[in-house]
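Below are the chains, spelled out letter by letter.
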Amino acid sequence: MTEAAPRLSPATLGRLAPGGAVLLPRYDRAALRPAIVHLGLGAFFRAHGAHYTEDVLNQAGGDWGILGVSLQRPDQRDRLAPQGGLYTTLERGPDGERARIVGCLLGVMVAPEDPAAVVARLADPETRIVSLTVTEKGYCHDPATGRLNLAHPDIAHDLENPEAPRSAVGFLAAALRRRREAGQAPFTVLCCDNLPHNGALVAGLVRDFAARRDPAFAEWIAAEVRFPATMVDRIVPALAEADLAAAEAATGLADHAPVGHEPFRQWVIEDRFGPAGRPAWEMAGAQLVADVAPFEHMKLRLLNGAHSALAYLGYLAGHETIVDAVSDPVFAAYLRRLWAEIRPMVPPPPGQDLEAYTEALLARFGNPAIRHRTWQIAMDGSQKLPQRLLSTVRERRAAGLPIPALALAIAAWARYAGGTDETGAPIDVRDPMAAALRARLDAAGTVPAARIAALLAVEALFGTDLPADPAFVSAVTTAYETLLSAGARAAASA
């Protein structure tokens, strides 16, 4: 980013010519209202849900503006506020890059600075949809059971301080209570995170929270509030310094909040919204369906499961990015073996060929223009493992089928959670259970079988069934021993 370039803003947007190389908003931004409030405004939503909304506005106009809410830090607000909510997205494919300016984001609130203001915004009748991308750990739930973790510090705080919440669940409950007390229709809650049956899951968490204070309120939520399920898909790496320079080179304007993404995108949405309606996202290619589950199942198991497996093995082998890892023939062959284990457990969605789907995933992972760090994907593994890998393990074991590739992925997670890579260098393990997992491993000593047993005893992750399955324990232990003795690349080539 150069010192001379003017900052992207509504005032400087006119420097870019309509119909030029950079795609620009073609609607009246002044007509937008904060009809969608999005909790957890990160790179993914700005390159996915906001993109679909932008496309609808460009085609049909309307007032479907988006107000973002950061639940933890002010950095997104600080980058976007001077730009009037405008930002650049960079579509990166093997054939080049295409820039566009997204205009549907109206602003960003920072929840810890004024939680009451966020509750008021959510409760305002103008808010018609509250969408979320707060990551798996942001729901403060037990991944193994799908129930609200009442012992989570944020949930405990929110139950004691319902008008000054910290958690996404607490904010939803506080705002819905106000809507109910005012006799107003509720907003629709649209979860866009990679969670199985995400609509029903979030509905259950909000009801669990509400029932702790007022069972009648929980019953109202069950009867009146819509929680459509969704499946979202687009590879969106975290912001890198090179993105700032690329956005400026494309537009001539300094953008402190650009987003890079792959060309592919998919959004499957259960068409079950409240009376306030929704944008016509199908105009932008979203699939509105009666049942999201087959699409979600396919994506969580085949894409997200493979992503996690490749992240742990690739990181341990010294690969910084997914494209680096998948460009290694050993890991590409491992992925095909992993998918061969997963595919028989996945009923294909209507019209979907799963072998073609996984081959397309391999090509997407190998897009040289997308630098998705293995370390980034490896974050929060304790929250991801149950739905991405362990569900498939359970189904294969119930069918008496072997799990060598799946066991290696779980062993790689265990090796990564130990906090030291193959060269002896420390790993910056980002996970809500990182300290507890590391303490278990340290207490278990150096014997591989004891270390694996210590991790498998975490009931919140593995339940009680998997640790009691000798074939599962043996497969993971053997894979872990190979990782320790031979390294990730050799283990993946077996």
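The chain is annotated in an unreviewed UniProt entry as Mannitol dehydrogenase from Teichococcus aestuarii.

Trainee: Explanation requested: the overall build of the chain in the structure shown.
Mentor: Each helix and strand in the chain was counted, giving 21 helices and 11 strands. For the chain, whose C-alpha radius of gyration is 23 Å, the value lies close to the compact-globule estimate of 23 Å for 494 residues. For the chain, the spread of C-alpha atoms along the principal axes amounts to about 65 × 55 × 45 Å. The buried share of the chain, reckoned over its 494 residues, is 56%. In the chain, the proportion of contacts linking residues at least 24 apart, taken out of those at least 6 apart, comes to 77%. Surface summary for the chain: the accessible area is close to 18,700 Å², and the carbon and sulfur share equals 53%. Across the chain, the centroid of the 48 positively charged side chains sits 1 Å from that of the 55 negatively charged ones.

Trainee: What exactly am I supposed to notice about the pairing of strand β6 (residues 129–132) here?
Mentor: Looking along a regular strand, one sees the side chains alternate between the two faces of the sheet. Alternating residues of β6 divide into Ile129 and Ser131 and Val130 and Leu132, and every residue in both groups is buried. Pairing analysis gives 4 bridges linking strand β1 (residues 33–39) to β6, with the strands arranged parallel. Paired with His38 across the bridge in β6 is Ser131. Judged from the 4 bridges that link them, β6 and strand β7 (residues 188–191) form a sheet pairing that is parallel.

Conventions adopted
Residues numbered from 1 in each chain as written. Predicted model: local features only at pLDDT ≥ 70, side-chain atom pairs only at ≥ 80, totals over all residues. Heavy atoms only, no water. Helix = DSSP H or I, 4+ residues; strand = E, 2+ residues; numbered from the N terminus. Rg over C-alpha atoms; globule rule 2.2 N^0.38 Å. Buried < 20%, exposed > 50% of the residue type's maximum accessible area, 1.4 Å probe, protein only. Contact = heavy atoms within 4.5 Å. Areas by Shrake-Rupley, 256 points an atom, 1.4 Å probe, with all protein chains shown as cover. Lys, Arg positive; Asp, Glu negative; His and termini not counted. Charge placed at Lys NZ, Arg CZ, Asp CG, Glu CD. Pairing = 2+ DSSP bridges.

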